[in-house]
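If you want the building blocks of each chain, they are given just below.
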Amino acid sequence: MLRRTLANALLGTALAVTVAAAPAEAAKSHPLPATITLPSGFQPEGIAIGTKPYAYFGSRVDGDIYRADLRTGAGRTISEGPGTASLGLKIDGNRLFVAGGAGGDARVLDLRTGEILKSYRLQPAGTTAFINDVIVTRDAAWFTDSRNAVLFKLPFGRHGRLPAEAVRVPLTGDFVLAEGNNANGITTTPDGRALIIVQSNTGSLFRVSFSGVATKIDLGPSETLVNGDGLWLRGRTLYAVQNRLNVIAKVELNRRGTAGTVVSRTSNPAFDVPTTIAEFGKRFYLPNARFTTPPTPETTYNAVAVRIP
């Protein structure tokens, strides 16, 4: 994220923020596990899946990155966190982009070794921030901040070279900062000419130009995506996880991403406040953040898979 986020859970089909890349092919010889068990106390939030059958998860507790094999469910920690959260994740080639939550930072890891390639201070120390999610486009990585009306851009150099520092892009236009969780999940429009963000507290969806001008996407007179979290784009279909509602909303967009229609919402008994979404084979995988469960070092966590609605 180099350019480049139902009915059947009882029978074992499974579920799970990022660039709309071509989905990887799942192994066909054996059925994949419907549930991926994560370390106790891990408190997952983000997930990313590349072309290989591995899912990467970030911890809200300390920023550890955990890699799980989708074929077996086995996994291990590949990168020790900095002591602050790892939230939204996206893969771009052999790099993993990580949103740093209240730490106000972002990191880029080597996907193979877990080594930190570069760290970025997006908001000054002492500033209230919540770097929530990330999307990778052809020429940049973009991060949301749920506490401030701003996006952060990491513009790529030649051959995808990482920049020395991030570029601050203020959100203007229709976007109005409100109390609570603001800009959260992020992806691109179907035509790739702009970004899409969801404002969790209001349920509004915005098309955002690369200069930061936000235009509210028309979803109809009464439709919202309140509690919207991770976003996943497949062609002109946008999938939005509404975390505390335990559903995946399916939105059919026009090519420019200026209007859309919510055509379905998919729930699952295995959902326990899922936050974001990634694709592998014919399934979506979602980590259960369990926001309504008091976290302890012994609290259990998992990710589940469901067929793509």
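Placed above this text is the structure.
Residues numbered from 1 in each chain as written. Predicted model: local features only at pLDDT ≥ 70, side-chain atom pairs only at ≥ 80, totals over all residues. Heavy atoms only, no water.

By the element assignment, Glu80 lies in the loop between strand E5 (75–79) and strand E6 (89–92). Using a relative accessible area of 59% as the deciding quantity, one classes Glu80 as exposed. For Glu80 and Gly192, which are 112 residues apart along the polypeptide, the C-alpha to C-alpha distance reads 34 Å. (Helix = DSSP H or I, 4+ residues; strand = E, 2+ residues; numbered from the N terminus. Buried < 20%, exposed > 50% of the residue type's maximum accessible area, 1.4 Å probe, protein only.)

Time to look at the nonpolar core. Grouped together as the largest cluster of nonpolar side chains are 17 residues, with contacts concentrated most on Ile36, Ile47, Ile49, Phe57, Leu70 and Tyr285. Of all the secondary structure elements, the ones that give two or more residues to this core are strand E1 (35–38), strand E2 (44–49), strand E3 (54–59), strand E4 (65–69), strand E23 (278–280) and strand E25 (301–307). Broken down by element, the residue count for this core peaks at three residues, all from E25. Those residues within four positions of Ile49 in sequence are excluded, and the remaining contacts are Tyr54, Ala55, Leu70, Ile91, Ala278, Glu279, Phe280 and Tyr285. Among the nonpolar cores identified, the runner-up in size contains 16 residues, and Val108, Leu122, Val150 and Leu154 belong to it. (Core = buried A, V, L, I, M, F, W, Y, C linked by side-chain atoms within 4.5 Å. Contact = heavy atoms within 4.5 Å.)

Moving on: the pattern of salt bridges. One pass over the full model with this rule turns up seven salt bridges. In this structure, Asp133 and Lys90 form a salt bridge, with 3.5 Å as the shortest nitrogen-oxygen distance. Taken together, the positions of Asp133 in strand E10 (residues 131–136) and Lys90 in strand E6 put the pair 43 residues apart, joining distant regions of the chain. When its relative accessible area of 3% is taken as the criterion, Asp133 is described as buried. In this structure, the salt-bridge partner of Asp272 is Arg290, at a minimum N-O distance of 2.8 Å. On the criterion of sequence distance, the pair formed by Asp272 in the loop between strand E22 (260–267) and E23 and Arg290 in the loop between strand E24 (283–287) and E25 is long-range, its members being 18 residues apart. (Salt bridge = Lys/Arg side-chain N within 4 Å of Asp/Glu carboxyl O.)

Here the focus is the environment of Lys90. Under the relative-accessibility criterion, Lys90 is labelled buried at 0%. Put simply, Lys90 and Ile47 are 43 residues apart on the chain and 7.7 Å apart in space, counted from C-alpha to C-alpha.

Before going further, it helps to examine the sheet that holds strand E16 (residues 195–199). Strands in a sheet are paired, the pairing made by backbone hydrogen bonds, and the direction either parallel or antiparallel. In space, the five strands of this open sheet follow the order E14-E18-E17-E16-E15, with mixed pairing throughout. With partners counted over all chains shown, the strands left at the sheet margins are strand E14 (172–173) and strand E15 (183–188), one partner each. Sheet analysis places E16 next to strand E17 (residues 204–208), joined by five bridges and oriented antiparallel. Counterpart to Ile197 in the pairing with E17 is Phe206. (Pairing = 2+ DSSP bridges.)

With that settled, consider the sheet that holds strand E12 (residues 150–155). Strand order in the open sheet made by the four strands is E10-E11-E12-E13, with antiparallel pairing throughout. Two strands in the sheet have a free side with no partner beyond their single neighbour: E10 and strand E13 (167–170). Sheet twist, expressed as the mean angle between neighbouring strand axes with direction ignored, is 25°. Judged from the four bridges that link them, E12 and E13 form a sheet pairing that is antiparallel. Opposite Phe152, over in E13, you have Arg168 as the bridge partner. (Axes fitted to C-alpha atoms, helices over the stretch in contact; angles between N-to-C directions.)

Moving on to the packing of aromatic side chains. Evaluation of the coordinates by the stated rule reveals five aromatic pairs. A ring pair is formed by Phe97 and Phe156, whose centres lie 5.9 Å apart and whose planes are at 45°; its orientation type is tilted. Pair noted here: Phe97 is in strand E7 (residues 95–99) and Phe156 is in the loop between E12 and E13, with a separation of 59 residues, a long-range link. Per residue, the accessibility class of Phe97 equals that of Phe156, and both read buried. Lying over the aromatic face of Tyr54, Arg67 brings its terminal NZ or CZ to 4.5 Å of the ring centre. (Phe/Tyr/Trp six-rings, centres within 6.5 Å; stacked < 30°, edge-to-face > 60°. Lys NZ or Arg CZ within 6 Å of the ring centre and 35° of its normal.)

It is worth spelling out the pairing of E3 at this point. Walk down a regular strand and you will see the side chains alternate between the two sheet faces. Within E3, five of the six residues are buried, leaving the element largely enclosed by the surrounding structure. Connecting the antiparallel pair E2 and E3 is a turn made up of four residues. As judged from the five bridges shared by E3 and E4, these two strands associate in the antiparallel manner. By the bridge assignment, Gly58 is partnered in E4 with Ile65. Taken together, E3 and the strand that follows it, E4, pair antiparallel across an intervening segment of five residues, in which Gly63 is found at a positive phi of about 85°.

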